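Single-letter residue listing:
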Amino acid sequence: MKIALIYPELLGTYGDYGNALALSQRSTRRGIDVDVMNVSITDELPDADLYLLGGGEDGPQRLAADLLKKSSLKQRVANGAHVFAVCAGLQILGTSFCVEGNDAYEGLSLVDVETTRGSVRSVGELLSQVGENKMVGFENHGGVTTLSPGIEPLGTVLHGRGNNGHFDGFVTETIWATYAHGPVLAMNPWLCDEVIAKVTGNNLTPLKTAADQLYAERVTSLSSR
Amino acid sequence: MSSRLSLRGFLALSALRTVNSLSRGTGRGSGTVAGGRVGLAIYPKLLNDLSKNRQVILVSGTNGKTTTTALCVAGWGDKVCSNATGANMPAGHVAALSGSSSPHVVLETDEAWLPVALEATNPRVVVLLNLSRDQLDRATEVRSIAERWRSALSKTAHDLVVVANANDPLVVYASESAKNIRWCNIETPWTSDAVSCPKCTQSIVRTSGSWSCVCGFTKPGCVASVSGSEVRIDNETVQTSLSIPGQFNVGNAAMAATALDVLNVDPSKSLTSMKSVTAIAGRFAVRTWQGRKIHMLLAKNPAGFDALLQSLSPGTDDVWIAINARIADGKDPSWLYDVSFEQLRGRKVWCLGERRLDLSTRLDYANVTYEVVNDLNSLPKTSDTTELLANYTAFSDWMQRTTA
Ligand SMILES: [Zn+2]
């Protein structure tokens, strides 16, 4: 599995390296070959099975969006490549987002979703129901994201804000996006495995890791709030 | 001191002293910060009045400000007024200044409060150490802090000298608006918060010993530098022998000496005096707990943790790491993924603190051997000194648990 970590110098604010690390460790430990490529802003987008987009502050987020608009990402996704995006990365995938005030900035339009500036920042722990599983994580963003009809949210918010207090992120045939930043795949081993299984087409053998205990603890702790 | 104060200031100071004695009497903390708050509420210009006719050094930055403040105090000699308790906002500054009439003042200053302190204390020297991510969930984006410093420093007078770290592009961006700057060439291994240029957001290109951007923004020439334990300021070279560990502390000492040099304290004299700093509020101290000797190391954020990990003596010794995520720590421990714990491979890490499972998960993914400690009695006994790395409130917990 070839993983491309997109512009970590721009999109890497909140422990976002954790997602690349969890994907690579959970694959390697099952004997799946993994190649993680750091894509710098001066690099051409390499061929990859999965592109990772992290979080970032306003200026860097705008530059990342500009560079990605000019890149081959859209074409590659149309050809079957996968994307896992968090926070600012989620916003970039949509039609528009807001930085430095309330002016709309054009996104990649990979998915028909729009982000406006919320009245408050959403900061804290996030718990959402994703299919049969619960997802835990941390959010820290000022966006309100609206999905066009037909776009599926990734999860239903049980604690925290996500897109708008009701739903978090979105999911398509090849794209996952969530407001839970950084190490969301490290903290949610089942989600990480779901991504690996989908991208590689493998049926994964169960794997015990330290993350199981952390995941169980956070679900219990957040469910009781 | 009363000659510095207006009548309002005098009344504010009396109220402050009353609050101090009251809150000491009822055992509610040290009371001094509470007194400072009351004084400022009665008379907002109290900090300005208390700073008049004194030589003030302000020290700010994400990491090392408490240590560098202590080094400045030791290097200056004599009696120096300082906020040694780490209360680094205006109320803490008022508390320190009202408690001492020394003409020499060193104030550790919270990054967000630097513009206020600059305006109020009219400092002779400002020491700017570094800027990196800290306590993410407080949304203090480091770039916006750099922007606020830049704006505040552009309004300062010619006789203010800024002593700034030339290896941190965010600090350079923040400082270059000042009129009088002494750049220091200090080892700054943490670069993750300034990979894109603060001026134009293009990539900062790093070559050995320097950095630059295509827009022309580049590392400035330095008057001070560090090489191993040697500090050079202008043309004077001084061999340091600090009592506190880590290459980052030699850098802190060099910046403190550069600041004191502005106030005519000779670097050879100040750097020698800095040897008397052995531990700062427990940091770097060796303390005792259940017959064990514990080396207390505090790190509040990824840059601080990376610096401490690099300062560990090479070997395979066990390391204890304690992580909490209370308000003072920042409630989001995602930053653990920004620390290169991979360098602990070959050692065993004992995971402590309220967020020990976040830590064990991070270490597992880093392929570092670990053990989660649910019961402190299960910690191993050894005759050697154990290195304990802890973040803010976890460090406090261990300060209380251990004895000097
Ligand atoms: Zn530039």
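These numbers come from a predicted model, not from an experiment.

A.B. asks: Let's hear about the overall build of chain A: which residues, and what values?
C.D. replies: Within chain A, the secondary structure is distributed over 7 helices and 12 strands. For chain A, whose C-alpha radius of gyration is 16 Å, the value lies close to the compact-globule estimate of 17 Å for 225 residues. In terms of its C-alpha atoms, chain A occupies a principal-axis envelope of roughly 45 × 45 × 30 Å. Counting across all 225 residues of chain A, residues that qualify as buried make up 58%. Within chain A, contacts between residues at least 6 apart in sequence are counted, and of these 69% link residues at least 24 apart. Carbon and sulfur atoms make up 47% of the accessible area of chain A, which totals about 8,700 Å². Charged side chains of chain A number 17 positive and 26 negative; the gap between the two group centres comes to 4 Å.

A.B. asks: Break down the domain arrangement of chain B for me, with residues and values.
C.D. replies: Residues and elements named next belong to chain B. Domain annotation of chain B identifies domain 1 (1-44), domain 2 (47-276) and domain 3 (286-401). Distance from the C-alpha centre of domain 2 to the C-alpha centre of domain 3: 28 Å. In this complex, domain 2 contributes 13 residues to the contact, which on the side of domain 3 involves 18 residues. Each partner contributes to the roughly 1,300 Å² buried at the junction of domain 2 and domain 3, and carbon and sulfur atoms together form 57% of this total. At the boundary of domain 2 and domain 3, one finds 0 salt bridges. Counting across the interface, domain 2 meets domain 3 through 1 residue pair in polar contact (both at pLDDT 80 or more). For the side of domain 2 that touches domain 3, a count of residues per class yields 4 nonpolar, 5 polar and 4 charged.

A.B. asks: Residue-level account of a nonpolar patch on the surface, with values.
C.D. replies: Residue and element names in this part refer to chain B. A contiguous nonpolar surface patch, about 330 Å² in accessible area, is contributed by Leu 7, Phe 10 and Leu 11. Looking at the secondary structure, you find Phe 10 in helix H1 (residues 7-25). Taking relative accessible area as the criterion, Phe 10 reaches 45% and is therefore assigned partly exposed.

A.B. asks: Which residues make up the interface of chain B and chain A, and what are the values?
C.D. replies: In this assembly, 29 residues from chain B lie in contact with 36 residues from chain A. In total, about 2,700 Å² of surface goes out of reach between chain B and chain A, with carbon and sulfur atoms giving 54% of it. For the chain B face of the interface with chain A, the top three residues by lost area are B:Tyr337, B:Leu357 and B:Tyr365, together amounting to 26%. At the junction of chain B and chain A, the tally comes to 10 residue pairs in polar contact (both at pLDDT 80 or more). Residue assignment for the side of chain B that touches chain A shows that the elements contributing at least two residues are helix H7 (142-154) and helix H12 (356-365) of chain B.

A.B. asks: Hey, could you go over the coordination of the zinc ion for me, with residue numbers and the actual values?
C.D. replies: As a benchmark, a tetrahedral metal site with four donors has ideal angles of 109.5 degrees, while an octahedral site with six donors has ideal angles of 90 or 180 degrees. Residue and element names in this part refer to chain B. Taken together, the protein donors to the zinc ion comprise Cys 197 (SG), Cys 200 (SG), Cys 213 (SG) and Cys 215 (SG), at separations of 2.3 Å. Note that the zinc ion binds 4 donor atoms; their angles at the metal cover 98 to 116°, and the shape is tetrahedral. Taken in chain order, the donor set of the zinc ion reads C-x2-C-x12-C-x1-C. On the criterion of sequence distance, the pair formed by Cys 200 in the loop between strand E6 (181-185) and strand E7 (205-207) and Cys 215 in the loop between strand E8 (210-212) and strand E9 (224-227) is long-range, its members being 15 residues apart.

Rules used throughout
- Residues numbered from 1 in each chain as written.
- Chains lettered and ligands numbered in written order.
- Predicted model: local features only at pLDDT ≥ 70, side-chain atom pairs only at ≥ 80, totals over all residues.
- Heavy atoms only, no water.
- Helix = DSSP H or I, 4+ residues; strand = E, 2+ residues; numbered from the N terminus.
- Rg over C-alpha atoms; globule rule 2.2 N^0.38 Å.
- Buried < 20%, exposed > 50% of the residue type's maximum accessible area, 1.4 Å probe, protein only.
- Contact = heavy atoms within 4.5 Å.
- Areas by Shrake-Rupley, 256 points an atom, 1.4 Å probe, with all protein chains shown as cover.
- Lys, Arg positive; Asp, Glu negative; His and termini not counted.
- Charge placed at Lys NZ, Arg CZ, Asp CG, Glu CD.
- Domains from an automatic or database assignment.
- Buried area = accessible area lost by both parts, 1.4 Å probe.
- Salt bridge = Lys/Arg side-chain N within 4 Å of Asp/Glu carboxyl O.
- Polar contact = N/O pair within 3.5 Å; in protein donor to acceptor, adjacent residues only side chain to side chain.
- Nonpolar A, V, L, I, M, F, W, Y, C, P; charged D, E, K, R; others polar.
- Patch = residues over 30% accessible without salt bridge, like charges linked within 9 Å, V, L, I, M, F, W, Y side chains within 5 Å.
- Donors = N, O, S within 2.8 Å, 3.2 Å for Na, K, Ca; no water.
- Tetrahedral: all angles 85-135°; square planar, octahedral: opposite > 155°, others 65-115°.

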